[in-house]
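# Descriptive structure summary
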Protein chains: 6
Amino acid sequence: MSGIVVINPNSNPAVTAGFDEALGPLRRPGAPAIVCETLAEGPFGIETQAHVDGVAIPLARLVASRPEADAFVIACYSDPGLFVCREATAKPVFGIAECGLLTAMARGQRFGVIAIARRSIARHIRYMRQMGIIDRLANERPLDMSVAETASGEGALARMISVGTELRDRDGADVIVMGCAGMARHRRALEAALGVPVIDPVQAAVTMALGAVAFA
Amino acid sequence: MSGIVVINPNSNPAVTAGFDEALGPLRRPGAPAIVCETLAEGPFGIETQAHVDGVAIPLARLVASRPEADAFVIACYSDPGLFVCREATAKPVFGIAECGLLTAMARGQRFGVIAIARRSIARHIRYMRQMGIIDRLANERPLDMSVAETASGEGALARMISVGTELRDRDGADVIVMGCAGMARHRRALEAALGVPVIDPVQAAVTMALGAVAFA
Amino acid sequence: MSGIVVINPNSNPAVTAGFDEALGPLRRPGAPAIVCETLAEGPFGIETQAHVDGVAIPLARLVASRPEADAFVIACYSDPGLFVCREATAKPVFGIAECGLLTAMARGQRFGVIAIARRSIARHIRYMRQMGIIDRLANERPLDMSVAETASGEGALARMISVGTELRDRDGADVIVMGCAGMARHRRALEAALGVPVIDPVQAAVTMALGAVAFA
Amino acid sequence: MSGIVVINPNSNPAVTAGFDEALGPLRRPGAPAIVCETLAEGPFGIETQAHVDGVAIPLARLVASRPEADAFVIACYSDPGLFVCREATAKPVFGIAECGLLTAMARGQRFGVIAIARRSIARHIRYMRQMGIIDRLANERPLDMSVAETASGEGALARMISVGTELRDRDGADVIVMGCAGMARHRRALEAALGVPVIDPVQAAVTMALGAVAFA
Amino acid sequence: MSGIVVINPNSNPAVTAGFDEALGPLRRPGAPAIVCETLAEGPFGIETQAHVDGVAIPLARLVASRPEADAFVIACYSDPGLFVCREATAKPVFGIAECGLLTAMARGQRFGVIAIARRSIARHIRYMRQMGIIDRLANERPLDMSVAETASGEGALARMISVGTELRDRDGADVIVMGCAGMARHRRALEAALGVPVIDPVQAAVTMALGAVAFA
Amino acid sequence: MSGIVVINPNSNPAVTAGFDEALGPLRRPGAPAIVCETLAEGPFGIETQAHVDGVAIPLARLVASRPEADAFVIACYSDPGLFVCREATAKPVFGIAECGLLTAMARGQRFGVIAIARRSIARHIRYMRQMGIIDRLANERPLDMSVAETASGEGALARMISVGTELRDRDGADVIVMGCAGMARHRRALEAALGVPVIDPVQAAVTMALGAVAFA
């Protein structure tokens, strides 16, 4: 089936369902289809480097098995398997961390990143160096919450507002990147509370994929 | 009228018409409208720094006069007036140089830029330093053609292929950015000839604008 | 008339008079004349991006209308119109932000910048990235005062000393740049209080202009 | 068994035997043992991103299965699995690309890298950006030979001398890194021919591992 | 006499004796000898720029007078005379600051540096910029102790743990460099207390020298 | 005696006399005196790292022996002893390489440097990295002439024009720095031939010193 295949590298279908629903506004008659899938082989959450590296080859296999797709999005903020997936297909492959950060650079001068866990930050900073954009980083700060807590209601939003406020006021961020595939439901409220653009990385990546497909 | 307003800062309606037509694939029922306008006060081409700086305030005025618009795109590869337009509205404003380069960074490791004129290159390099992305630049090379020649037929394409081949083979670029708002008609043929992604910056910026509006 | 033309892009003659007087030590018999002018079209203060961009073309016109001048200085810490003025004349044109920062780099390892307003900082940081010198920035901190307050007496100096002390002790700055054309009267006292070099950007730029003219 | 475990991620035992023999000078009575192993699951050569990503988890498993080892070296110039291996053990884990480049930085001002294949260069450059050392890169140039050809006799050396000479004379490199685990036998001859230090990355990494173990 | 000559540029024999003893684990039968010397002309401590520059030529003379040596290490964290010593001999010369920092980059993503004195920090930062590695610096913080105090017992260690904890928790360092030649005795205890790798720069440099000699 | 003391670190009085004469345009009634001195202990030319490091302490002694001076300039393009001289006096001390490069950054976007000897280039590049300005370097190219040849007549100028043309046309430099204290006599002719600003570093540094003294 043609269109954009968005792959959740973890095996938690609730996460997939969450961003699937949030992508509604990009679904239009005649526009490329947007199909969200859950990687069967994925762990329940991508929390460690082993999780990141463990899904690379399964992702590439999944990508290679969809020759009719027009573009792919890897929907995990560590961009697992991004380069091997690009090797596995001639179609464009987008990573949500890469696209989230690049999109933020079109909205502000210095981005702040909200991470779920403190231990992911070193990996993310390494990735921003790899991207050659570290001079645009204001800071990355963790929620220090579990993924489950993050996906929940008001407590999660309150914590995001608190961390986002620090990024804005202490670190000088004028745009915020949500460092997780499962935070979309809080985007609008967070943006309203902070008064600066807030980027959901899945939405950013699927948008870029849509453009690549539209003009292919 | 709501939707995305794409402004051609030069007063050449043929350029506006060119990218207007090329944006067709993003126009879908229910999707944000995409309206292309020509800046009445603009010079016939944006070739000098005086042209760039001369349209900044007129662009901001135009932006401020469209309170019902959802997003704006400044469709000139020098991103004239980008920051003053952002001050003139609370809506997102995108520059095609910025978005073209950022989109290229999601498709390859080192981008090459095709400039029309040699004398624009120093300005572009200054801008890439400002964006903090200079480590991703493979090289920028000029066509050494007039804008009129560039917009024309096979001769222009042949020259683009020649310059693009140098960027790819001598400079190591694995993605190419077309450094002009009026090159869209050659994008597919250039990409086919070079075998690496070729980014049209108007398409890249309108895509990002579409995402910003869709998820607002 | 030959010599160095120093242009205050805002229309506040008190600011012009302030730096005019402070430039006395560079006026010597036989040395290039230093003439300070106020841009008639300028706003009363350069506080917004619209102010910055709005004076660019008027500045270029003024520069172009002085063919007999030997060099120009744009005396506003946002360096408005610097590049278009350079295009408008074959004579050297200096911006005070550029020259203030470069001069600081000859006096210390990491510079701190005192801004008047918090909202200018993002613009200044963008400019330091454009200059390719962001690795030398210790920090920029705002006075959070109006221009009028800054130009006044002891209260302004006390606030500058407070902000300068934070730049020196918390941020590690060993040289301070005054981020405004109207702070010259406080330079010596601030330097004495802080014990590190303090650079007035108008003085820095006129000095460089003097050299360019002397050796032309 | 205690000591340093050097793992060849490809399953070509000749490569393992080659660097095993070349490591002789670091084997001393009382010094940490140096044990070279071949990853059973590895492909015959690491040439693609799929090869790189495919060995990450097997490498981590191997590392985790050697609790008595004192340090590990991943002996492939793409540093496959480096970060997941570091997560799999509390012992130090070294990558030969990382150590080869860092060691070169202690011997010269700008390093040149000899790659086997042209298509690896983008990946290597991405990695040097990730390391934050791209300002020290003179250039990377490919041998455009197969791994088998590289490991062979005089033809390989002659080609290395040719490429190394270009790195030194055209690109300004004053130290050369051999971008492969299987080039050790040519190191001395290449260094003699070029007159600048030539770094074998396996030797560089095992040296660092030796120090880490000696002082643990 | 052949082997590695480690030179203490200050004339305090207790410092020399300290690292001489700490280098024991690298001394093995058949391995290159490691000979530690004290520079007779050195000041009692290297604390000022005059101290640093004053020992450069004496160090080069000492290096030139040992034609039979196989490699040299300059054992002062300011790397005095490193480049002139490299000119004075064809043998490899290593500086402990350079090697300590490079070795840290093989153990963590962002290094923190413990300086003895606050006034050395600007010099060290200048040096890290020179090395092109400033993007890997988390922070450098001073002990604010005298060298004598640093070399002593538990009080020094307690202060190092306190400063190291700030580097780890406030600044995000995941590896620590001891910014002095005389701290080796505290390395293990500091590493145990902090839970991240701690690099002694003399040990790092002599390790690299050992590798260079072993494979010469 | 008060004023600016310009020190030639080599003992060739012809070089001192050359820039002394060229500084005439900065000497004005009432302006700070400009006194040029030759370092007695200096070698006849500063060509090696040993020359650079060998004059550092003598320069600092000379600086310390002039308490009545208002500022100092070290007139050798390697900026020998710059930091130790700054420690030896509370007065400003300027290096001609530093000031030449910074002044170039106020005149163009990417500077090219003309070196006398090829072997100085690695040292100069290291210094530009230390200054944090390497992103502004277009290229540095050598004359491959002796200092004596450089100081001479038309042959030297012709070679400078040839190298400057390569810097401008191949490397994209839009401003040229003369990488030697003894090239002043060719500045105007070179600038006229190349059509881009040419910076003499002694003139740049003495200009900055003049400003520092005028406003002290």
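Residues numbered from 1 in each chain as written. Chains lettered and ligands numbered in written order. Predicted model: local features only at pLDDT ≥ 70, side-chain atom pairs only at ≥ 80, totals over all residues. Heavy atoms only, no water.

## What to know about the overall build of chain A
Rules: Secondary structure elements are defined from DSSP: runs of H or I of at least 4 residues count as helices, runs of E of at least 2 residues count as strands, and each element is numbered from the N terminus. Buried means the residue's accessible area, taken with a 1.4 Å probe over protein chains only, is under 20% of the maximum for its type, while exposed means over 50%, and partly exposed covers the values in between. The criterion used for residue contact is that any of the two residues' heavy atoms lie within 4.5 Å.
Of the regular secondary structure elements, chain A holds 10 helices and eight strands. Counting every position in chain A, which comprises 216 residues, the buried fraction comes to 65%. Taking the contacts inside chain A whose residues are at least 6 apart along the sequence as the reference set, 67% of them involve residues at least 24 apart.

## Remarks on the interface of chain A and chain B
For clarity, the threshold we go by: Summed over both partners, buried area is the accessible surface (1.4 Å probe) that two parts give up on being assembled. We define a polar contact as two N or O atoms separated by no more than 3.5 Å, with the added condition that, inside protein, one atom must be a possible hydrogen donor and the other a possible acceptor, whereas residues neighbouring each other in sequence contribute only through side-chain atom pairs. Side-chain classes follow a simple rule in which Ala, Val, Leu, Ile, Met, Phe, Trp, Tyr, Cys and Pro form the nonpolar group, Asp, Glu, Lys and Arg form the charged group, and the remainder, Gly included, forms the polar group.
Of the residues lining the interface, 36 residues belong to chain A; the matching set on chain B comes to 36 residues. Across the interface of chain A and chain B, roughly 3,000 Å² is buried in total on both sides, 60% from carbon and sulfur atoms. It is Ala106(A), Arg107(A) and Phe215(A) in chain A that bury the most area against chain B; as a group they hold 22% of the surface buried on that side. Put simply, chain A and chain B have 10 residue pairs in polar contact (both at pLDDT 80 or more) between them. Counting only elements with at least two residues in the side of chain A that touches chain B, the list comes to helix H4 (82–88), strand S4 (93–95), helix H5 (96–105), helix H9 (187–194) and helix H10 (201–214) of chain A. Looking at side-chain class alone, the side of chain A that touches chain B contains 22 nonpolar, seven polar and seven charged residues.

## What about the domain arrangement of chain A?
Residues and elements named next belong to chain A. Where we set the bar: Domain start and end points were adopted from an automatic or database domain assignment. We count a salt bridge whenever a side-chain nitrogen from Lys or Arg sits within 4 Å of a carboxyl oxygen from Asp or Glu.
If you check the domain split of chain A, you get domain 1 (4–95 + 203–214) and domain 2 (97–199). In this complex, domain 1 contributes 19 residues to the contact, which on the side of domain 2 involves 23 residues. A buried area of about 1,700 Å², summed over both sides, lies between domain 1 and domain 2, and 56% of it is on carbon and sulfur atoms. Of all residues in domain 1, Glu-47, Tyr-77 and Ala-204 bury the most surface against domain 2, accounting for 39% of the area lost on that side. Viewed at the interface, domain 2 and domain 1 are joined by one salt bridge. Here Glu-98 ties to Arg-86 by a salt bridge, and the two come within 2.9 Å at their closest N and O atoms. At the junction of domain 1 with domain 2, the criterion picks out nine residue pairs in polar contact (both at pLDDT 80 or more). For the side of domain 1 that touches domain 2, the secondary-structure elements that each account for two or more residues are helix H1 (13–22), helix H2 (49–54), H4, S4 and H10. With four residues, the top contributor of residues to the side of domain 1 that touches domain 2 is H10.

## Structural notes on the relation of the copies chain B and chain C
Basically, it comes down to this: Here the copies are matched by least squares. The fit uses the C-alpha atoms of residues with pLDDT of at least 70 in both.
In screw terms, the move from chain B to chain C is a rotation of 180° and a rise of 0.0 Å along the axis, fitting with an RMSD of 0.0 Å. On this basis, the relationship between the two copies can be described by a two-fold rotation axis. Looking at the rotation axis and the C-alpha trace of chain B, the residue lying nearest is Gln130(B), at 1.8 Å.

## Description of the relation of the copies chain A and chain B
Of the two same-sequence chains, chain A is brought onto chain B (RMSD 0.0 Å, axial shift 0.0 Å) by a rotation of 180°. Same-surface contact between copies: 100% of interface residues of chain A are shared with the interface of chain B.

## With respect to the interface of chain B and chain C
Taken together, the contact pairs 16 residues of chain B with 16 residues of chain C. Here chain B packs against chain C, burying approximately 1,400 Å² in sum over the two surfaces, 58% of which is carbon and sulfur. The tally of links from chain B across to chain C stands at zero salt bridges. Applying the counting rule to chain B against chain C returns six residue pairs in polar contact (both at pLDDT 80 or more). Of all the secondary-structure elements, those providing two or more residues to the side of chain B that touches chain C are helix H2 (49–54), helix H3 (56–64), helix H4 (82–88) and helix H6 (121–131) of chain B.

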